[in-house]
Amino acid sequence: QVQLVESGGGLVQAGGSLRLSCAASGRAFTSYTMGWFRQAPGKDREFVSAMAWNYGSQTYADSVKGRFAMSRDNIKNTAYLQMHTLKPEDTAIYYCAATNRGVFRTIDKYDYWGQGTQVTVSS
């Protein structure tokens, strides 16, 4: 079992930056791919980024590529999402997720989810 808790959300003006954190507890964090997803009001949850357990493979949604950067600290059992040049369309609840199946961009491949943290970008 892996428990995930996100933090770092908030209100920011367009063009600003935020860093989200996802603290994991439980067994074998270092063997899990970590992912970030988001869900805007009235929309489906969508993929944002994912990173393999060994800091290797990373993948990003086209909508955030070049603006968001994911990292992880396997000593602290924490994953991060650094977000720059934020846009109003980035407003959503951001969720972190974990899977030990590999690096995937689809919701159904992730077994563990946090409760989410709200990011609001004002224009």
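Higher on the page you've got the structure.
Residues numbered from 1 in each chain as written. Predicted model: local features only at pLDDT ≥ 70, side-chain atom pairs only at ≥ 80, totals over all residues. Heavy atoms only, no water.

J.: Even after reading the chapter, I still don't get the overall build of the chain, so can you show me in this structure?
T.: The secondary structure content of the chain amounts to zero helices and eleven strands. For the chain, the α and β elements follow one another from N to C terminus as β-β-β-β-β-β-β-β-β-β-β. Principal axes of the C-alpha set define a box for the chain whose edges measure 40 × 25 × 25 Å. Looking at the chain residue by residue over its 123 residues, the buried ones come to 46%. A fraction of 57% describes how many contacts in the chain between residues 6 or more apart in sequence connect residues 24 or more apart. Counting only carbon and sulfur atoms, one obtains 49% of the accessible surface of the chain, whose full area is about 6,100 Å². (Helix = DSSP H or I, 4+ residues; strand = E, 2+ residues; numbered from the N terminus. Buried < 20%, exposed > 50% of the residue type's maximum accessible area, 1.4 Å probe, protein only. Contact = heavy atoms within 4.5 Å. Areas by Shrake-Rupley, 256 points an atom, 1.4 Å probe, with all protein chains shown as cover.)

J.: Would you mind going over the nonpolar core with me for this structure?
T.: The tendency in soluble globular proteins is for nonpolar side chains to be buried side by side. If you look at the biggest cluster of nonpolar residues, it comprises 35 residues, and the most contacted ones within it are Leu4, Trp36, Leu81, Met83 and Tyr94. Among the elements of the structure, strand S1 (2-7), strand S3 (18-26), strand S4 (33-39), strand S5 (46-51), strand S7 (68-73), strand S8 (78-83), strand S9 (92-99) and strand S11 (117-122) are those that each provide at least two residues to this core. Among the elements that make up this core, the one with the highest residue count is S9 (five residues). (Core = buried A, V, L, I, M, F, W, Y, C linked by side-chain atoms within 4.5 Å.)

J.: Any chance you could explain the side chain of Thr59 here in plain terms?
T.: By the element assignment, Thr59 lies in strand S6 (residues 58-60). Relative accessible area serves as the criterion here: at 17%, Thr59 is assigned to the buried category. Polar contacts involving the side chain of Thr59 include one to the side chain of Arg105, which spans 2.4 Å. Those residues within four positions of Thr59 in sequence are excluded, and the remaining contacts are Phe47, Val48, Ser49, Ala50, Val103 and Arg105. (Polar contact = N/O pair within 3.5 Å; in protein donor to acceptor, adjacent residues only side chain to side chain.)

J.: Could you clarify how one ought to interpret the state of the cysteines in this entry?
T.: One covalent bond between the sulfur atoms of two cysteine residues makes up a disulfide. Scanning all chains against the criterion turns up one disulfide. The partner cysteine of Cys22 in its disulfide is Cys96, sulfur to sulfur 2.0 Å. Classification of the bridge connecting Cys22 and Cys96 rests on its S-S torsion, roughly 55°, and on that basis the disulfide is right-handed. Of this pair, Cys22 sits in strand S3 while Cys96 is found in strand S9, placing the two residues 74 residues apart along the sequence. Accessibility classification places Cys22 together with Cys96 in one group, the buried group. (Disulfide = S-S within 2.5 Å.)

J.: For this particular structure, what's the right way to read the sheet that holds S1?
T.: Within a sheet, neighbouring strands are paired by backbone hydrogen bonds and run either parallel or antiparallel to one another. Read from one edge to the other, the open sheet built from four strands follows the order S1-S3-S8-S7, with strand pairing classed as antiparallel. Two strands lie at the open edges of the sheet, namely S1 and S7, each paired on one side alone. Going across the sheet, the axis of each strand differs from the next one's by a mean of 15°, ignoring polarity. (Pairing = 2+ DSSP bridges. Axes fitted to C-alpha atoms, helices over the stretch in contact; angles between N-to-C directions.)

J.: Sorry if this is basic, but what is going on with the packing of aromatic side chains here?
T.: Each aromatic ring pair is specified by the distance between its two centres and by the angle formed by the two planes. By the definition in use, this model includes five aromatic pairs. Between Phe37 and Tyr110, the aromatic rings sit 5.1 Å apart at their centres with planes inclined by 80°, giving edge-to-face as the arrangement. One end of the pair, Phe37, is in strand S4; the other, Tyr110, is in the loop between S9 and strand S10 (112-113), with 73 residues separating them in the sequence. Here Phe37 falls in the buried class, since its relative accessible area comes to 0%. (Phe/Tyr/Trp six-rings, centres within 6.5 Å; stacked < 30°, edge-to-face > 60°.)

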